[in-house]
Amino acid sequence: MRLTLKIILFGSILVSSGWGFFAHQRINRLAVFTLPPEMIGFYKKNIQYIAEASVNPDRRRTAVPEEAPRHYIDIEEYGDSAFTKLPKYWARAVEKYPEDTLQAHGIVPWHIYRMYNQLKDAFLLRDPEKILLYSAELGHYVADANVPLHTTRNYNGQLTDQVGIHAFWESRLPELFFDQYDFYVGKASYVRDVQLLAWQTVERAHSMVDSVLREEKLLAKAHEQTKFNYETKGRQTVKVYSLPFSRLYHQKLNGMVERQMRRSIKMIGDLWYSAWVDAGQPDLKLLINYKPSDEELKRREEELKLWKEKNLKARDHEGIEN
Ligand SMILES: [Zn+2]
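Residues numbered from 1 in each chain as written. Predicted model: local features only at pLDDT ≥ 70, side-chain atom pairs only at ≥ 80, totals over all residues. Heavy atoms only, no water.

### Quick word on the environment of Lys120
The criterion, for reference: In this description a helix means any DSSP run of H or I spanning at least four residues, a strand means any run of E spanning at least two, and both kinds are numbered starting from the N terminus. Any two residues whose heavy atoms approach within 4.5 Å at even a single point are treated as in contact.
Of note, Lys120 is situated in helix 8 (residues 108-125). Distance from Lys120 to Tyr273, taken between C-alpha atoms, is 9.8 Å for residues 153 residues apart in sequence. The residues contacting Lys120, other than those within four sequence positions of it, are Ala275, Asp278 and Ala279.

Right under this line is the structure:
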């Protein structure tokens with residue numbers, strides 16, 4: 001290797017980026033094919049945007065300070081039985097914990113529900129741009145919540161001398177083995193309790209953290225010499241987990257990366273579909289080649305706002321959680 005070549009240590013880049021651009025784009029794209037006939041035409045027409053915009057939340061992270069916490073939650077920060085202790089709904093959570101504490105430890109499960117509601121509003125407004133924007137971004141956070149290392153304080157193995165494992169699991173492995181995965185996940189189905197599903201997703205992902213870290217540690221001990229090698233990408237030489245080591249680890253995980261990708265795809269389709277149903281199944285075919293004028297959209301927004309205010313008062317009386 002030439003000495004002048006620039007070596008990028010993988011550990012210092014791509015930390016906690018979430019699935020990597022490759023996987024995010026594939027996941028959002030594949031979710032389109034779970035949709036029912038009433039929806040799929042509109043989404044297929046815009047599939048390129050749905051895929052490309054899937055990574056916008058990660059692109060924003062450096063510029064927008066409040067963006068980062070939306071991608072993860074450090075469950076251990078809440079001690080034992082965190083999943084029973086943490087309020088499912090944001091309004092209750094900020095009553096129990098200071099908001100900056102919640103933000104510091106990450107808010108992904110609550111943010112999924114927030115995005116879901118924004119998508120539902122976009123359907124109510126029949127605003128094609130907003131429908132696409134929130135669909136793409138909801139897809140991003142749902143996929144992140146399915147990544148085990150997005151649910152732990154030790155998100156990059158930095159506490160266990162395994163720095164780099166984050167991008168290894170969510171970028172390198174899917175990029176290497178994507179072609180072997182089966183992505184037929186069936187049709188989207190209606191989700192009755194979106195906020196609950198978001199929490200179940202985080203809880204399941206978190207239950208995998210131990211094996212994600214343990215298996216890598218065991219393999220690294222046995223394969224110290226062959227764990228890494230260098231790959232040239234353009235003008236740069238990058239230190240990567242070697243192909244043989246990646247294969248071994250992937251095998252040890254026993255289909256976990258594929259399973260979590262499949263779950264992400266199915267859940268994204270389910271939530272797009274549910275938001276559409278909850279908004280009264282607006283006719284998306286009308287939106288394929290038509291965009292309402294700005295004045296019209298403004299009028300609809302005002303209407304929705306008024307309707308919500310009335311609705312909220314009624315719900316308050318019934319004591320329904322929001
Ligand atoms: Zn992310």
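So that's the structure; there's more coming.
### Comments concerning the coordination of the zinc ion
Cut-off, in case you're wondering: For Na, K and Ca the donor cut-off is 3.2 Å; for every other metal, N, O and S atoms count as donors within 2.8 Å. Water does not enter the count, which can leave sites looking incomplete. Site shape is set this way: if four donors have all angles between 85 and 135 degrees, tetrahedral; if opposite donors are over 155 degrees apart and all others between 65 and 115, square planar for four donors and octahedral for six; otherwise irregular. Here's how the labels work: a residue is buried when its accessible area is under 20% of the maximum for its type, exposed when over 50%, partly exposed in between, all with a 1.4 Å probe on protein chains only.
Around the zinc ion, the protein contributes the donor atoms Asp58 (OD), His71 (ND1), His140 (NE2) and Asp144 (OD), which lie 2.0 to 2.7 Å from the metal centre. Around the zinc ion, the four donor atoms sit at angles spanning 83 to 176°, and that spread fits a shape best called irregular. Mapped onto the sequence, the donors of the zinc ion take the spacing D-x12-H-x68-H-x3-D. Highlighted residues: His71 in the loop between helix 4 (56-60) and helix 5 (82-85) and Asp144 in helix 9 (residues 128-145), separated in sequence by 73 residues. An identical accessibility class is assigned to His71 and Asp144; each is buried.

### A look at the pairing of strand 3 (residues 236-241)
Which entries qualify depends on this criterion: One requirement defines pairing of two strands: DSSP has to find at least two bridges between them.
Counting buried positions along strand 3 gives five out of six residues, so the element sits mostly inside the fold. Across six bridges, strand 2 (residues 228-233) lies against strand 3 in antiparallel orientation. Bridging across to strand 3, Lys233 finds its partner in Gln236. A loop of two residues connects strand 2 with strand 3, the two strands running antiparallel in sequence, and Gly234 in this loop sits at a positive phi of about 65°.

### Focus on helix 9
The test is simple: Multiplying one less than the number of residues by 1.5 Å gives the expected span of a helix. Any pair of N or O atoms that falls within 3.5 Å is considered a polar contact. Within protein, one atom must be able to donate a hydrogen and the other to accept it, and sequence-neighbouring residues count only if both atoms are side-chain atoms.
Taking 1.5 Å of rise per residue, the 18 residues of helix 9 would be expected to cover 26 Å, and the 26 Å separating its terminal C-alpha atoms lies within 8% of that figure. In terms of burial, helix 9 is a largely internal element, 15 of the 18 residues being buried. Between the side-chain oxygen at the start of helix 9 and the backbone nitrogen of Glu129 there is a gap of 3.1 Å, and the oxygen is on Asp127.

### Some thoughts on the packing of aromatic side chains
The following threshold applies: We call Phe, Tyr and Trp rings a pair once their centres come within 6.5 Å, taking the six-membered ring for Trp, and we label the pair stacked below 30 degrees between planes, edge-to-face above 60, and tilted otherwise. In this scheme, the term charge over a ring applies when either NZ of a lysine or CZ of an arginine sits within 6 Å of the ring centre and within 35 degrees of the ring normal.
Counted according to the given criterion, the structure contains 17 aromatic pairs. For the pair Phe83 and Trp199, a centre-to-centre distance of 6.4 Å together with 80° between the ring planes defines the contact as edge-to-face. Taken as a pair, Phe83 in helix 5 and Trp199 in helix 11 (residues 194-206) lie far apart in primary sequence, 116 residues in all. Considered together, Phe83 and Trp199 belong to a single accessibility category, that of buried residues. Consider the rings of Tyr89 and Tyr113, whose centres lie 5.7 Å apart with planes at 80°: the pair is edge-to-face. One end of the pair, Tyr89, is in the loop between helix 5 and helix 6 (90-96); the other, Tyr113, is in helix 8, with 24 residues separating them in the sequence. In this structure an aromatic cluster arises from ring pairing among Phe168, Phe228, Tyr241, Phe245 and Tyr249. A cation sits over an aromatic face here: Lys88 above Trp199, 5.6 Å from the ring centre. Its guanidinium or amino end placed over the ring of Phe228, Lys239 lies 4.4 Å from that ring's centre, counting from NZ or CZ.

That is the geometry; function is a separate question.
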